[in-house]
Each structure stands twice: as structure tokens, then as C-alpha cells.
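# Structural overview for review
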Amino acid sequence: DADHDVVLVRVAGSGFAPLPLAREPTPAGTEVAVMSHPDGRFWMFTSGHVSRVAEWTSGRGGARPSYDVLCITAPFAPGSSGAAVVDRQGNAVGIAVRIMPILKTRDAGAGGENEKAGDHAHGGEYTAMVIPMAIPARWVLELVKSK
């Protein structure tokens, strides 16, 4: 599903124990954890909370569909896409799909706390914050039902 950045793969075999998928919306404040492989750094465990449920507008297609995403404080990075975002009960509440940097422009010569040591007064942008985003697990359930 290109709009939601989710791929389902059917695997032959038996004896698998999939993570249970959360069927209800996950509210802000829910504790979550992510086990992923950011940039080839295998088995990185991070934890945090759902900081907000936001609306994301897809950049694909003419209609630009929008859908909800979980903004979380458990960090992940490129290479982590597809990792499960789980709650304290072990339910997959979402799937890690993207990070959104918030960029801030430096004022040339302004100095102050926003400039890193050693920076010169040439202006430019820096990353003020990165928001990890996850597709809610209910999208996976809907995708499974449609296939």
C-alpha cells in the first residue's frame, strides 16, 4: 500500500507466533518501544511514548490522501522502517515508517544557545528535532482484510 508505506508478505510455514495487533486507536501518552536496525545497527531497542496522533498527507498521487500517524518519542532512524511499535502489553500498535525532521534556520551572527560550538556566523539550517512516525496497526488489519 504505497499511500501508507506498508507491505504485507505471506510466508509459508507453520508454528509462527505473530505479535497481536492493537485493534483500538492508540492514545497519546501510551508507552511504546521499538526494536529496529537503524543504519545497520542491529537490535537497537528504544522506548518512549506516543506523543500525539497526527494527520499525514501523502505526497503521492493527485488526490493526496491523508491518514493518521502515531508520532512517538522512541527514536528510530533510516533502516528501521517496518519495525513494530509495541505497547507495554506486547501489542503491535504501529509500524515504523518515517522520521520527520524539524529544521530551524540560524540567524547569521545571532549566536546564543541555538548555535553549536565552533559554528561560524554564516547562517544555515540545523535539525532542531526529529519526529519518528508510525502507521497505526489498524491499517495492517484493514490491508489484510482487503486482500
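Data block above holds the structure.
Below you will find a few notes about this structure. (Residues numbered from 1 in each chain as written. Predicted model: local features only at pLDDT ≥ 70, side-chain atom pairs only at ≥ 80, totals over all residues. Heavy atoms only, no water.)

### Focus on the overall build of the protein chain
In terms of helices and strands, the protein chain carries 1 helix and 6 strands. Restricting to contacts in the protein chain with at least 6 residues of sequence separation, those with at least 24 account for 57%. Split by element, the accessible area of the protein chain, about 9400 Å² in all, is 55% carbon and sulfur. (Helix = DSSP H or I, 4+ residues; strand = E, 2+ residues; numbered from the N terminus. Contact = heavy atoms within 4.5 Å. Areas by Shrake-Rupley, 256 points an atom, 1.4 Å probe, with all protein chains shown as cover.)

### A few points about the pattern of salt bridges
Note on pairing: side chains with opposite charge can pair once their charged atoms come close. Here the structure, examined in full by the defined rule, presents 4 salt bridges. With its nearest N and O atoms 2.6 Å apart, the salt bridge here joins Arg138 to Asp68. Separated by 70 residues along the polypeptide, Arg138 in helix α1 (residues 137-146) and Asp68 in strand β3 (residues 66-72) bring together distant segments of the chain. Here Arg138 and Glu142 are joined by a salt bridge, their closest N and O atoms 3.5 Å apart. (Salt bridge = Lys/Arg side-chain N within 4 Å of Asp/Glu carboxyl O.)

### Here we look at the pairing of strand β1 (residues 31-36)
Here β1 pairs with strand β2 (residues 44-57) via 6 bridges, running antiparallel. For Ser36, the partnering residue across the bridge sits in β2 and is Met44. Note: β1 against strand β4 (residues 84-87), 3 bridges, orientation antiparallel. In the sheet register, Val32 faces β4, and the bridge partner there is Asp87. (Pairing = 2+ DSSP bridges.)

### Some thoughts on a nonpolar patch on the surface
Together, Val7, Val9, Val11 and Phe16 line one region of the surface with nonpolar side chains, adding up to about 460 Å² of accessible area. Tracing the chain through its elements places Val11 in the segment before β1. Among the residues examined, Val11 registers a relative accessible area of 56% and is labelled exposed. (Patch = residues over 30% accessible without salt bridge, like charges linked within 9 Å, V, L, I, M, F, W, Y side chains within 5 Å. Buried < 20%, exposed > 50% of the residue type's maximum accessible area, 1.4 Å probe, protein only.)

### Looking at the side chain of Thr46
Along the chain, Thr46 turns up in strand β2. Within polar-contact distance, the side chain of Thr46 engages the backbone oxygen of Pro75 at 2.8 Å. When near neighbours in sequence (up to four residues on either side) are disregarded, Thr46 contacts Val32, Ala33, Val34, Ala74 and Pro75. (Polar contact = N/O pair within 3.5 Å; in protein donor to acceptor, adjacent residues only side chain to side chain.)

### Here we look at the packing of aromatic side chains
To describe a pair of aromatic rings, you give the distance between the ring centres and the angle between the ring planes. The tally for this structure, following the rule as stated, stands at 0 aromatic pairs. For Arg138, the ring lying beneath its charged end belongs to Trp139, and the centroid distance is 5.0 Å. (Phe/Tyr/Trp six-rings, centres within 6.5 Å; stacked < 30°, edge-to-face > 60°. Lys NZ or Arg CZ within 6 Å of the ring centre and 35° of its normal.)

### Some remarks on the pairing of strand β6 (residues 124-136)
With 2 bridges joining them, β3 and β6 adopt antiparallel strand pairing. Counted as the bridge partner of Leu70 is Ala134 from β6. As defined by bridge partners, strand β5 (residues 92-106) adjoins β6 across 12 bridges and the pair is classed as antiparallel. Across the sheet, the residue bridging to Ile102 is Met129, located in β6.

### Notes on unusual backbone geometry
You will see that Asp39, though not glycine, has its phi angle at about 50 degrees, which is positive. Mapped onto the elements of the fold, Asp39 is located in the loop between β1 and β2. The exposed category is assigned to Asp39, whose relative accessible area is 58%. The backbone phi angle of Trp43 is positive, close to 60 degrees, even though this residue is not glycine. By secondary structure assignment, the location of Trp43 is in the loop between β1 and β2. The exposure class assigned to Trp43 is exposed, which follows from its relative accessible area of 63%.

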